[in-house]
Amino acid sequence: MSKFVEKSTVISGIGQSDIGRRLFRDPLELTLDACLAAIADAGLTTKDIDGVATYPGPMSVPPGFSGAGVVDVQDALRLDLGWWSGGIESPGQLGSVINACLAVAAGLANHVLCFRSVWEGSAQGTKGRASTMPGGGGGGSFRASGFMEWTLPFAAPSAAPWIALMAQRHFYEFGTTREQLGQIPINARKNAGLNPKAIYTEPMTMDDYLNVRMVSSPLSLYDCDVPCDGGTAVIVSHVDTIPDLRRPPVHVDAVGTALRGRPSWDQFDDLTTMACRDAAAQLWTRTDLTPSDVQLAEMYDGFSFIALAWLEAMGFCGHGEGGPFVEGGQNIARDGGVIPLNTHGGQLSAGRLHGYGFLHEACTQLWGEGGARQVPGNPEVGVACAGGGPLAGALLLTTHR
Amino acid sequence: MSDTAVPDATAPEVPFRILPALTDLNREFWTAGARGELRFLRCNACGYYNHPPTMICPVCHSKDLAPHSVSGKATLHTYTVNHQPWMPGPELPYVIAIVELPEQAGLRLTTNVVNCPHEDLVIGMPMRVTFEHHSDGDDEIYIPLFEPDPQARAS
Ligand SMILES: [Zn+2]
């Protein structure tokens, strides 16, 4: 057995609730729909589930950011748990899944139900994202503290300007252009057109992209993901349980969780990249596979530039080479690309399922269940990467061991 | 009110800002602008500027830290022209920037650039601090903003 214990774990099932821009449904119902679908997909029952993991756990602010916590699900499904964990301090949203892998490898559980649910679309209603920002109501006696102390007084409450600052620095150092960056949302929209659950499916041209309103230069509206409602769940199981599963699982070959720079949006040592730099580098120390073995990449695109940073970090191109790499869109195309990217439409077009959507899609593709959007050629190796800024976690997945 | 309080129609309006909660650690940073000074917590043992401020120097773990004034000079490390009305604040569009201070590599601040046409913004350009005064209750807070440094330009 390898010393890298994640290799003793698999993804045995995935599930998703209805996804919509605004569903106005009970968030726990969406969560449970996803959980029950994932359990059934694995060929298991609630009696088999002996672990639960989630990100970020119960949170009332910002509204819609969390649909349920571990104990909500444990009680609703009357689960008997040997291990459980929920929280926001982890290597990105998929850090919760990586925690589950470690718990399974450690023998604390055999089948861990992992979930992430959001209802930001409904919570924001027609008021838009700004309504959920700290102090977004406009004044009163609210004072900024913690990290926000260093951003809110400068009217910078959102990750949009924080990421825009990084993108602008990348443009400056490497000559990256909006026409290059725009290939990421255009590619996402193209793939979303083949995904029946995607939020936005109408084709997007480069003219559409270049002419849409600016949010925080160089990021425009189409560089920002779309808030939505929905739940996603995956089951992490031990390899020894494979005979009990409905179908051959997706194997976890390696994970990356490192955080080496300052955990800050403005004090990080190199603002042309993010924590993904170190998480990705660590992942490649835990496997014999290399970037050239990977056949699909599902990468966090809360903002388009984050996906560009992940492409560079994971070694699909060099640091600073992301612009030329995505130029024209051929290298990241679902059909025939060097590394098909965000084959479901990403958070930019398929909805801000917040990290878990990428793992769900990677497994869908590796199982050959992508339907109209299936990556041709029976892909056997994929990556799911989530998190921006100081958050980053990645999983390298294969159909075999 | 005294007769000196007649509003000056030509004076720029001070925008609404969410102000920082003042603590013993950050008070000098947010109030020293009253004297025209930009001050950071600095380690007396090793000289490291510790920002955002914490009780213990992250380099040498000394607890002997004290506020220390810097030059107020900086270079524009990166910027964004923000068009989105996130919250009440400066008139749209406004510039959010990260500036780096010459006193220590990597010592940066998120800030706003003022007194500069957006088309003149160039990463690497020399900047200098300017303060925006806000009174709130007993607190006199001076928000450090940055503007192009004309002296550096002339040199
Ligand atoms: Zn020190």
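Reading guide: rules and limits
- Residues numbered from 1 in each chain as written.
- Chains lettered and ligands numbered in written order.
- Predicted model: local features only at pLDDT ≥ 70, side-chain atom pairs only at ≥ 80, totals over all residues.
- Heavy atoms only, no water.
- Donors = N, O, S within 2.8 Å, 3.2 Å for Na, K, Ca; no water.
- Tetrahedral: all angles 85-135°; square planar, octahedral: opposite > 155°, others 65-115°.
- Helix = DSSP H or I, 4+ residues; strand = E, 2+ residues; numbered from the N terminus.
- Buried < 20%, exposed > 50% of the residue type's maximum accessible area, 1.4 Å probe, protein only.
- Contact = heavy atoms within 4.5 Å.
- Buried area = accessible area lost by both parts, 1.4 Å probe.
- Salt bridge = Lys/Arg side-chain N within 4 Å of Asp/Glu carboxyl O.
- Nonpolar A, V, L, I, M, F, W, Y, C, P; charged D, E, K, R; others polar.
- Pairing = 2+ DSSP bridges.
- Domains from an automatic or database assignment.

A. Broad picture of the coordination of the zinc ion. Residues and elements named next belong to chain B. Taken together, the protein donors to the zinc ion comprise Cys43 (SG), Cys46 (SG), Cys57 (SG) and Cys60 (SG), at separations of 2.3 Å. Coordination geometry of the zinc ion: the four donor atoms subtend angles of 100 to 116° at the metal centre, consistent with an arrangement described as tetrahedral. In the primary structure, the donors to the zinc ion are separated according to the pattern C-x2-C-x10-C-x2-C. Separated by 14 residues along the polypeptide, Cys43 in strand E2 (residues 38-43) and Cys57 in the loop between E2 and strand E3 (65-70) bring together distant segments of the chain. For Cys43, a relative accessible area of 1% gives the class buried.

B. The arrangement of the interface of chain A and chain B in detail. In this assembly, 40 residues from chain A lie in contact with 44 residues from chain B. Carbon and sulfur atoms make up 59% of the area that chain A and chain B hide from each other, which totals about 3,600 Å². Broken down residue by residue, the surface that chain A buries against chain B is led by Arg143, Trp150 and Phe154 of chain A, which jointly contribute 23%. Across the pair Arg143 of chain A and Asp139 of chain B runs a salt bridge, and its minimum N-O distance is 3.0 Å. Elements that contribute at least two residues to the side of chain A that touches chain B include exactly strand E5 (143-144), helix H5 (159-174) and strand E6 (214-216) of chain A. Sort the elements by how many residues they give to the side of chain A that touches chain B and H5 of chain A lands first, with seven residues. Across the side of chain A that touches chain B, the residue classes tally to 22 nonpolar, 10 polar and eight charged. Bridging between E5 of chain A and strand E1 (residues 19-20) of chain B involves two bridges; their strand directions are parallel. If you follow Ala144 of chain A over to E1 of chain B, its bridge partner there is Pro20 of chain B.

C. Structural context of the domain arrangement of chain B. Residue and element names in this part refer to chain B. The domain boundaries assigned to chain B delineate domain 1 (23-70) and domain 2 (71-155). If you average the C-alpha positions of domain 1 and of domain 2, the two centres end up 20 Å apart. Taken together, the contact pairs 15 residues of domain 1 with 17 residues of domain 2. Between domain 1 and domain 2, a total of about 1,300 Å² is buried, with carbon and sulfur atoms accounting for 73% of that surface. A per-residue breakdown of the area domain 1 buries against domain 2 is headed by Trp30, Leu38 and Val70, which together make up 41% of the total. The interface formed by domain 1 and domain 2 contains zero salt bridges. Listing elements by their share of the side of domain 1 that touches domain 2, those giving two or more residues are helix H1 (27-31) and E2. The element best represented in the side of domain 1 that touches domain 2 is H1, accounting for four residues.

D. Highlighting the pattern of salt bridges. Overall, the coordinates contain 26 salt bridges over all chains when judged by the stated rule. As a salt-bridge pair, Glu28 of chain B and Arg35 of chain B come within 3.4 Å of each other at their nearest N and O atoms. Of the charged contacts, one joins Arg128 of chain B and Glu147 of chain B as a salt bridge, the two residues approaching to 2.9 Å between their closest N and O atoms. Of this pair, Arg128 of chain B sits in strand E7 (residues 126-136) while Glu147 of chain B sits in strand E8 (residues 139-148), placing them 19 residues apart in sequence. Judged by relative accessible area, Glu147 of chain B falls into the buried class, the value being 11%. Several salt bridges converge on common partners, so that one network encompasses Asp18, Arg25, Glu29 and Asp33 of chain A.

E. Layout of the environment of Leu210 of chain A. Residue and element names in this part refer to chain A. Of note, Leu210 is situated in helix H8 (residues 206-211). Assessed through its relative accessible area of 27%, Leu210 is described here as partly exposed. With near-sequence residues (within four places) excluded, Leu210 lies in contact with Arg178 and Glu179.

F. Fine view of the environment of Val70 of chain B. Residues and elements named next belong to chain B. As for its placement among the helices and strands, Val70 is situated in strand E3. A relative accessible area of 12% places Val70 in the buried class. In this structure, the C-alpha to C-alpha distance between Val70 and Leu107, residues 37 residues apart in sequence, is 11 Å. Excluding anything up to four places from it in sequence, Val70 contacts Leu38, Phe40, Tyr49, Leu101 and Glu103.

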